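Working through the structure, step by step
The chain contents come next:
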Amino acid sequence: MARPHPRRWVRVLAWCGGTAALLVGAVGVVVPVLPTTPFVLLAAGCYARASTRVHRRLVGHPRFGPLIGEWRRHRSIPHRTKLFALAVMPSSIALSIWLMRGHPWVQGMLAATALAVGGWLWRVPSRDRPARDG
């Protein structure tokens, strides 16, 4: 586990980033258009550099802790979680792009973010589903 950063301003910035990511991830639990896992992993990384106590609480959380543990131990995401995120993400991004009509630069950023996150998520292994050869 990483130790909190020695500089206070970095810890404050990491704590704010972790809190924002965790809030988005928590909304993703109840709103199916938001992926939870990447935001919870980001929050865990931020909290590891911000506060040992808060990081420990997040890792021990019954809903979020197992996702973080799976990522730490195996650098993988559960197969069902991955499939759900990949299935829901295109419709949520399409809705977001439609809502942002008239703002082409925002639409472009949304599309680029979706492609980047989708590509990353596709490549992350799922330990509970063996990789297929060739």
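Section: the nonpolar core
Generally speaking, nonpolar side chains in soluble globular proteins are found buried as a group. Counting residues in each nonpolar core, the largest one holds 15 residues, and the members touching the most others are Ala43, Tyr47, Leu58, Ile68, Trp71 and Ile77. Sorting the residues of this core by element identifies helix H2 (37-50), helix H3 (52-59) and helix H4 (65-74) as the ones contributing at least two each. Here this core takes 5 residues from H2, the largest share from any one element. Dropping the residues within four chain positions of it, Trp71 is found in contact with Leu41, Ser76, Ile77, Trp120 and Val124.

Considering a nonpolar patch on the surface
On the surface, a cluster of nonpolar side chains totalling about 300 Å² of accessible area is made up of Val27, Val29, Val30 and Val31. Mapped onto the secondary structure, Val29 falls in helix H1 (residues 8-30). Using a relative accessible area of 34% as the deciding quantity, one classes Val29 as partly exposed.

Looking at the packing of H2 against H3
The interhelical angle for the contact between H2 and H3, taken along N-to-C directions, is 150 degrees, at an axis separation of 7 Å. Considering their axes alone, H2 and H3 lie roughly antiparallel with respect to each other. Where H2 crosses over H3, the handedness of that crossing is left-handed. Contact residues: Val40, Ala43, Ala44, Tyr47, Ala48 and Ala50 in H2; Thr52, Val54, His55 and Leu58 in H3.

As for the confidence of the model for the protein
Per-residue confidence for the protein averages 87 on the pLDDT scale, and 94% of its residues sit at or above 70. Taken element by element, the predicted model of the protein shows its lowest mean pLDDT in helix H5 (residues 79-99) (85) and its highest in H3 (94).

Things to note about helix H6 (residues 104-123)
The end-to-end C-alpha distance of H6, which contains 20 residues, comes to 28 Å, matching closely the 28 Å that a straight helix rising 1.5 Å per residue would cover. For H6, every residue scored as buried is listed here: Val106, Ala114, Gly118 and Leu121. Down the axis of H6, the buried set is contained in an arc of 95 degrees. They therefore lie on one face. For H6, the exposed residues lying more than 90 degrees away from the buried face are Pro104, Trp105, Met109, Leu115 and Arg123. On its buried face, H6 is in contact with H5.

A few points about H5
The end-to-end C-alpha distance of H5, which contains 21 residues, comes to 30 Å, matching closely the 30 Å that a straight helix rising 1.5 Å per residue would cover. Maximum bend of H5: about 30 degrees, positioned at Met89, with proline Pro90 one to four residues after it. Residues His79, Lys82, Ala85, Val88, Met89, Ser92 and Ile93 constitute the buried set of H5. Where H5 is buried, its residues contact H6.

Things to note about the packing of H1 against H2
The angle between the axes and the distance between the axes are what describe a pair of packed helices. Remark: H1 packs on H2, axes separated minimally by 8 Å, with the N-to-C direction vectors making an angle of 160 degrees. Here H1 lies roughly antiparallel to H2, going by the angle between them. As for the relative orientation of H1 and H2, their crossing is left-handed in sense. Between H1 and H2, the residues in contact are Arg11, Ala14, Trp15, Gly17, Gly18, Thr19, Ala21, Leu22, Val24 and Gly25 and Phe39, Leu42, Ala43, Cys46, Tyr47, Arg49 and Ala50, respectively. Of the residues belonging to the contact of H1 with H2, the class tally is 11 nonpolar, 4 polar and 2 charged.

Criteria and thresholds
Residues numbered from 1 in each chain as written. Predicted model: local features only at pLDDT ≥ 70, side-chain atom pairs only at ≥ 80, totals over all residues. Heavy atoms only, no water. Core = buried A, V, L, I, M, F, W, Y, C linked by side-chain atoms within 4.5 Å. Buried < 20%, exposed > 50% of the residue type's maximum accessible area, 1.4 Å probe, protein only. Helix = DSSP H or I, 4+ residues; strand = E, 2+ residues; numbered from the N terminus. Contact = heavy atoms within 4.5 Å. Patch = residues over 30% accessible without salt bridge, like charges linked within 9 Å, V, L, I, M, F, W, Y side chains within 5 Å. Areas by Shrake-Rupley, 256 points an atom, 1.4 Å probe, with all protein chains shown as cover. Salt bridge = Lys/Arg side-chain N within 4 Å of Asp/Glu carboxyl O. Axes fitted to C-alpha atoms, helices over the stretch in contact; angles between N-to-C directions. Parallel < 35°, antiparallel > 145°, perpendicular 65-115°, else oblique. Left-handed = near helix turned anticlockwise from the far one by under 90°. pLDDT = per-residue confidence, 0-100. Expected span 1.5 Å × (residues − 1). Arc of directions from axis to C-beta. Bend = angle between axes of the 7 residues up to and from the residue. Nonpolar A, V, L, I, M, F, W, Y, C, P; charged D, E, K, R; others polar.

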